[in-house]
Amino acid sequence: MDIKEVKNQKPKVKGGFGDKIGEVIETSSAEFTAQCYKLTEAPPLGSLVKTQDKFGEIYGVVYNVETHSLDPGRRVLARGENMKAEEEIFAANPQLSKLLTTDFRVLLVGHVEGKSIHHYLPPKSASIHSFVYICRLEEVRAFTESLDFLSLIMNARIPVPVDEVAGACIRYTSQAHSDPNAFLIKAGKELAYMLSGEVNRLNSLLKRLK
Amino acid sequence: MSLDLSKLVGQIVDLAAGIKSKMGERQGKLEFALNTLKSSAADFNALKHKIESSKTTWLVAGLKESMDVRQAAAHCPDDSIVLASDGSHIDVDRHQSARCFLINIGMAQLQYGRNPGAQLISFPSLYFKDEEVAITSTDGRQIPIEGQLLGIKRGIEECHWLVERLNALGADLPVVALLDGSLILWRLAEQDYPDFVVRDLLIDGFLKYLNHLKQLSQRQRLAVASYISYPRSTEVVNLLRLAVCPHVPVDCDRNCSGKFEARDCDVVAGLLDRDLFTWLLSPGQRSAIFSSRSSVVTKYYGANEINFFYIRLDGEVARVEIPLWVAEDEKLVELVHSIILDQCQRGLGYPVALSEAHEQAVVNVADRQQFWGLVEQVLSEDGIYLESSAKSASKRARWI
């Protein structure tokens, strides 16, 4: 889902939240894993999502999306040799959508208590079965006014390259700002400060901010 | 101590050598059998008369049409529903104090065509009440439901849940309901169960559900069939035994008692029906429809008399069993034939609806342990002291 699509959507849940896209199935202090409600509607890499509990909202950045068999003992098989379009595979094998799942992993980058935004890990991790929402535009804008959350991404130990996740996140969140270009430049300066001793890495990352 | 395979290798090599030496002889028998089939097919009425007047030691298929029929599949309907039911169970464990058993029915409902969709569901049922865990006669005799009888009951419940689901479905699309295994409850007859057991499970159970399906099929285009992969039946081969038998009338006990492997009909001994039809049929074709003349069918099944045909797939020959009311409806037979073929293509050689139903039903070792663990936990939370046998405890805590 593109942030432009988020811009045009009306809230589907009372209270003004964005689209509910999944549910937490594994959780820890620095991240959580959520299962998507729809197999093909996972949030994009680098997008900002949130969960909510009685203490407030927990914000995170999507760093990995996986689609796999629900039963680890069953492998997905190629079925479309004689078909012209991928949609035909699902139409001809309607049980597939019940046997596969899309999960996404989220790196926590902050939390909101009342009107205060904090760019550090929340004291309490997301709860199992919490709903996961795509953040609305105004939430993305408010959360990324300060770029302090970037350090949580750059210092994360995740199986996906952190530079890719950081680049994707900055590109995604820039669209929520009235001047996306200015935001990209601001983010570039912040990265230059963080990676001052790693010129090659910085150069490579800055190229991802276009 | 686990199985010592090194002590088995030599024996397995001997097994392979034995199989290889029989293969040449088998090919000769097969050619003779095929020729006999073709020549016997020409005289349908004579063979039919021979069957009716015979007394054989083997089960011989009933003849309904010429034996050499090779029927191509009709076009599979664009919109259809396939509903499959399969089951598994956790047997009574006499080493546990809680006397109960569990039957888990898995169902797959797959809709194809303009509105494709799937429902994969399971229905676990726990049986623990006195009247549920045993079959009781009117004079108070009790037969506990366990072991083989529980397997039979499970098969009946698979059919029961098909009826429940179809009642709720109300589809206006053609529906084929599939079961795994035979529709003929052989084991009820073979094991000499008392009449009240046969009445409870077969007459008031399985046949009641088949009747219900028959009624449903009068209101909608519905066929029910069971699918047997890699069947070991010999009923049609036994028809050929009858065809080559020189005695009139055919009476095995009177004419050939004690002459094992020296009988005229032993020219086809060792062949299976699937061997015949692998050679006779091309992929996609079905054989003639035959009827089952097994004693349990002739005695109890009535209007649900089980008929069957063989279907040639790319990799194997399968047996499809259908009740009489399906067999006598040409359109329903075409539906069953084309749908099963389509299902096997989608399921890479086995009907996909049945394999998905099986996945919903399966209860593995870990599930079994968890189930008994849960029973223990709930009972102990209720303050119920559990005894279990020392044998069971010794299996759980393995020591040196």
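Residues numbered from 1 in each chain as written. Chains lettered and ligands numbered in written order. Predicted model: local features only at pLDDT ≥ 70, side-chain atom pairs only at ≥ 80, totals over all residues. Heavy atoms only, no water.

### Focus on the overall build of chain B
Along chain B, the regular secondary structure elements total 15 helices and 11 strands. A compact globule built from 400 residues would reach a C-alpha radius of gyration of about 21 Å, and chain B, at 24 Å, matches this within 12%. The buried share of chain B, taken over its 400 residues, is 48%. A sequence separation of at least 24 residues applies to 74% of the contacts in chain B between residues at least 6 apart. When the accessible area of chain B is evaluated, it comes to approximately 20400 Å², of which 50% is carbon and sulfur surface. Within chain B, the 52 negative side-chain charges are centred at a point lying 4 Å from the centre of the 43 positive side-chain charges. (Helix = DSSP H or I, 4+ residues; strand = E, 2+ residues; numbered from the N terminus. Rg over C-alpha atoms; globule rule 2.2 N^0.38 Å. Buried < 20%, exposed > 50% of the residue type's maximum accessible area, 1.4 Å probe, protein only. Contact = heavy atoms within 4.5 Å. Areas by Shrake-Rupley, 256 points an atom, 1.4 Å probe, with all protein chains shown as cover. Lys, Arg positive; Asp, Glu negative; His and termini not counted. Charge placed at Lys NZ, Arg CZ, Asp CG, Glu CD.)

### What about empty space enclosed by the protein?
Residue and element names in this part refer to chain B. Inspection of the entire model under this criterion finds 1 cavity of 30 Å³ or more. Looking at the largest cavity, its volume works out to about 120 Å³. In this structure, the largest cavity is lined by 15 residues; those nearest its centre are Trp58, Cys245, Cys252, Cys256 and Cys265. Residue contributions to the lining of the largest cavity peak at 3 residues, all from helix α8 (residues 252–256). Among the residues making up the lining of the largest cavity, the classes are represented as 8 nonpolar, 3 polar and 4 charged. (1 Å grid on protein atoms, 1.4 Å probe; cavity = no way out; pocket = protein on both sides within 12 Å on 5 of 7 lines; lining within 4 Å. Points joined across faces, edges and corners; volume = space filled by probe spheres on them. Nonpolar A, V, L, I, M, F, W, Y, C, P; charged D, E, K, R; others polar.)

### Examining unusual backbone geometry
Even without glycine at this site, histidine 129 of chain A takes up a positive phi of about 70°. Tracing the backbone through its elements, the reader meets histidine 129 of chain A in the loop between β6 (116–118) and β7 (131–134). Positive phi, normally seen in glycine, also occurs at leucine 348 of chain B, with a value near 55°. Its place among the elements puts leucine 348 of chain B in the loop between α12 (330–346) and α13 (352–361). Classification of leucine 348 of chain B as exposed rests on a relative accessible area of 61%.

### A word on the nonpolar core
Within the largest apolar cluster, 82 residues are counted, with the highest numbers of intra-cluster contacts made by Phe206, Leu213 and Tyr301 of chain B. Excluding its chain neighbours within four sequence positions, the residues that come into contact with tyrosine 301 of chain B are Leu183, Ile184, Leu185, Leu202, Phe206, Leu207, Leu210, Val296 and Ile306 of chain B. Membership of the second largest hydrophobic core comes to 33 residues, among which are Val112, Phe149, Met154 and Leu195 of chain A. (Core = buried A, V, L, I, M, F, W, Y, C linked by side-chain atoms within 4.5 Å.)

### Some points on the state of the cysteines
Chemically, a disulfide is nothing more than a covalent bond linking the sulfur atoms of two cysteines. Residue and element names in this part refer to chain B. This structure, assessed with the given rule, holds 0 disulfides over all chains. Free of any disulfide, cysteine 256 has its nearest neighbouring cysteine sulfur in cysteine 245, separated by 6.1 Å. The exposure class assigned to cysteine 256 is buried, which follows from its relative accessible area of 13%. Free of any disulfide, cysteine 344 has its nearest neighbouring cysteine sulfur in cysteine 76, separated by 11 Å. (Disulfide = S-S within 2.5 Å.)

### Observations regarding a nonpolar patch on the surface
Where nonpolar side chains cluster on the molecular surface, the patch consists of Ile12, Leu15, Ile19 and Met23 of chain B and spans about 410 Å² of accessible area. By secondary structure assignment, the location of isoleucine 19 of chain B is in helix α1 (residues 9–41). (Patch = residues over 30% accessible without salt bridge, like charges linked within 9 Å, V, L, I, M, F, W, Y side chains within 5 Å. Salt bridge = Lys/Arg side-chain N within 4 Å of Asp/Glu carboxyl O.)

### Structural notes on the interface of chain B and chain A
Counting residues at the interface gives 12 residues for chain B and 11 residues for chain A. Summing the contributions of chain B and of chain A, the shared interface buries around 920 Å²; its carbon and sulfur component is 58%. Ranking the residues of chain B by area buried against chain A places Ala118, Arg346 and Glu356 of chain B at the top, with a combined share of 40%. Where chain B touches chain A, the interface holds 2 salt bridges. With a closest N to O distance of 3.9 Å, arginine 74 of chain A and glutamate 359 of chain B form a salt bridge. For the pair chain B and chain A, the interface holds 4 residue pairs in polar contact (both at pLDDT 80 or more). Of all the secondary structure elements, the ones that give two or more residues to the side of chain B that touches chain A are β3 (101–112), β4 (117–127) and α13 of chain B. In terms of residue class, the side of chain B that touches chain A is built from 7 nonpolar, 2 polar and 3 charged. (Buried area = accessible area lost by both parts, 1.4 Å probe. Polar contact = N/O pair within 3.5 Å; in protein donor to acceptor, adjacent residues only side chain to side chain.)

### Looking at the pattern of salt bridges
A complete count under the given rule lists 23 salt bridges over all chains for this structure. Between arginine 241 of chain B and aspartate 266 of chain B there is a salt bridge whose closest N-O contact spans 3.1 Å. On the criterion of sequence distance, the pair formed by arginine 241 of chain B in helix α7 (residues 235–244) and aspartate 266 of chain B in the loop between α8 and α9 (273–280) is long-range, its members being 25 residues apart. In this structure, arginine 241 of chain B and aspartate 266 of chain B share a single accessibility class: buried. Notably, a salt bridge pairs aspartate 266 of chain B with arginine 263 of chain B, separated by 3.2 Å at the nearest N-O pair. One exposure class covers both aspartate 266 of chain B and arginine 263 of chain B, and it is buried. By sharing partners, the salt bridges in this structure join Lys50, Glu57 and Glu139 of chain A into a single network.

### A short note on the packing of aromatic side chains
To describe a pair of aromatic rings, you give the distance between the ring centres and the angle between the ring planes. Summed over all chains, the structure comprises 10 aromatic pairs over all chains. Measuring from centroid to centroid gives 4.8 Å for phenylalanine 101 of chain B and tyrosine 127 of chain B, while their planes differ by 15°, and the two rings are stacked. Pair noted here: phenylalanine 101 of chain B is in strand β3 and tyrosine 127 of chain B is in strand β4, with a separation of 26 residues, a long-range link. Looking at phenylalanine 101 of chain B, the relative accessible area reads 0%, which means it is buried. Taking the relative accessible area as the measure of exposure, tyrosine 127 of chain B reaches 12% and is therefore buried. Taken together through their ring pairs, the aromatic side chains of Phe277, Phe290, Phe308 and Tyr310 of chain B make up a single cluster. Here the guanidinium or amino end of lysine 20 of chain A rests over the ring plane of phenylalanine 131 of chain A, the centre of that ring lying 3.6 Å away. (Phe/Tyr/Trp six-rings, centres within 6.5 Å; stacked < 30°, edge-to-face > 60°. Lys NZ or Arg CZ within 6 Å of the ring centre and 35° of its normal.)

Shape is all these values report; function is a separate question.
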